[in-house]
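Analysis of the macromolecular model
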Amino acid sequence: MPLVSMRQLLDEAAKGGYGVGAFNVNDMEQVQAVMEAARQTNSPAIISASRGARKFAQDRYLFHLILAANELYPEIPLVMHLDHGNSFETCKSAIELGYTSVMMDGSLKEDGKTPASFEENVAVTKQVVDYAHERGVTVEGEIGVLGGIEDGHGAGGTGLEHITDPDQAVEFAERTGVDALAIAIGTSHGAYKFSKKPDGSVLKMNVLLAIHKRLPNTHLVMHGSSSVPKDLHDIINKYGGKLKPTWGVPIEEIQLGIRNGVRKVNVDTDNRLAITGAVRKVLWESPEAFDPRAYLRPAREAMQKVVALRMKQFGQAGHAGDYKAVSIAEIAKGYKNGTLSTKPLVAR
Ligand SMILES: [Zn+2]
């Protein structure tokens, strides 16, 4: 099947009442890990490429790796998604390449660091929506600012400085027509999210519930949502690593989100931890090893294991065969004739 629009995939997820993980990739092994996990669990899949990934792997390499995945796993509905686009131009370049979904993160200015004003965010996001929808491409926007920094992107901080205001979320969704909305509820990018198991004082699930109440049909997105499990952490430190203790977003909180409008869950850190732990283990236990496959194979398997587990926990497992991909051209027609609504349902 062709690459799927994220809008179609999230609409289907809403019908089925499940969430879909969006997994970041930078290289072939990570693409393979996501696809094998998807096949193993019979899941639809979202592969995310950040600006950092596009730079690291070069656009064409990454694009063709994902196309190869699409070719080799024809039974898996697959979205090619740009994570945290920082400008109209970045989103446009991804759309021109063939991405079927882009995130315009207008919560930050183009430098990817400085919080933008609400009006700036609305303006640039709307510009991307107009351009993308004409071409059948999905747009995710962000309102509120996440904490932490990853790949040089982010405002830093704890994530509590710019929690999403539910009224602003409504206005943002109405004025931009985004297909999916990332919200800030206290989570952060990177490995260090919380200094203890998070409670309601730092992880604002009540804000998420309030936004879902106001925007019951809007697909919400949780960023910075790795769980940072202790066992992955421990493997790294057991084999010579020096990670400080840290806590991520507990799976049960993500599942609460999924019961309340969350359709996309971004996961990157957990996979990074799994890969690094596996590489460290091999090199520690077999100092004579020098064939890269000796550690890349276990690294790929470790990531696949994490992804497959998340696919089951988010509920997407078993849903790959529910539907067939509608072409991007058909999706574009849907936006044009209004069958794909860009007006959110608002409960006042
Ligand atoms: Zn993010």
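Up top is the structure these notes are about.
Now for a description of the structure that goes with this document. (Residues numbered from 1 in each chain as written. Predicted model: local features only at pLDDT ≥ 70, side-chain atom pairs only at ≥ 80, totals over all residues. Heavy atoms only, no water.)

So, about the pattern of salt bridges. Applying the stated criterion across every chain, the model contains 20 salt bridges. Across the salt bridge formed by Lys 109 and Glu 120, the nearest N and O atoms sit 3.0 Å from each other. Here the residue Lys 109 occupies a position in the loop between β4 (101-104) and α6 (118-134), and Glu 120 occupies one in helix α6, the gap between them amounting to eleven residues. Ionic pairing is found between Arg 293 and Asp 291, a salt bridge with its closest N-O pair at 3.0 Å. On the accessibility criterion, Asp 291 (31% relative accessible area) is partly exposed. (Salt bridge = Lys/Arg side-chain N within 4 Å of Asp/Glu carboxyl O. Helix = DSSP H or I, 4+ residues; strand = E, 2+ residues; numbered from the N terminus. Buried < 20%, exposed > 50% of the residue type's maximum accessible area, 1.4 Å probe, protein only.)

To continue, consider the environment of Leu 215. Turning to its location among the elements, Leu 215 is positioned in the loop between α8 (205-214) and β7 (219-222). Setting aside chain neighbours within four positions, we find Leu 215 in contact with Ala 169, Val 170, Ala 173, Leu 181, Pro 344, Leu 345 and Val 346. (Contact = heavy atoms within 4.5 Å.)

What follows concerns the sheet that holds strand β8 (residues 262-267). Spatially, eight strands are ordered β1-β2-β3-β4-β5-β6-β7-β8 in a closed barrel, and the strand pairing comes out parallel. Looking at each pair of strands side by side, their axes are set apart by 25 degrees on average, direction ignored. The pairing of β7 with β8 spans three bridges and is classified as parallel. Bridging across to β8, Val 221 finds its partner in Lys 264. Most of the contacts of helix α1 (residues 6-16) go to β8, to which it runs at about 120 degrees, and overall it touches β1 (20-24), β2 (45-50), β3 (78-85), β4, β5 (138-143), β6 (180-183), β7 and β8. Taken strand by strand, helix α10 (residues 251-258) contacts β7 and β8, and its axis lies near 150 degrees from that of β8. (Pairing = 2+ DSSP bridges. Axes fitted to C-alpha atoms, helices over the stretch in contact; angles between N-to-C directions.)

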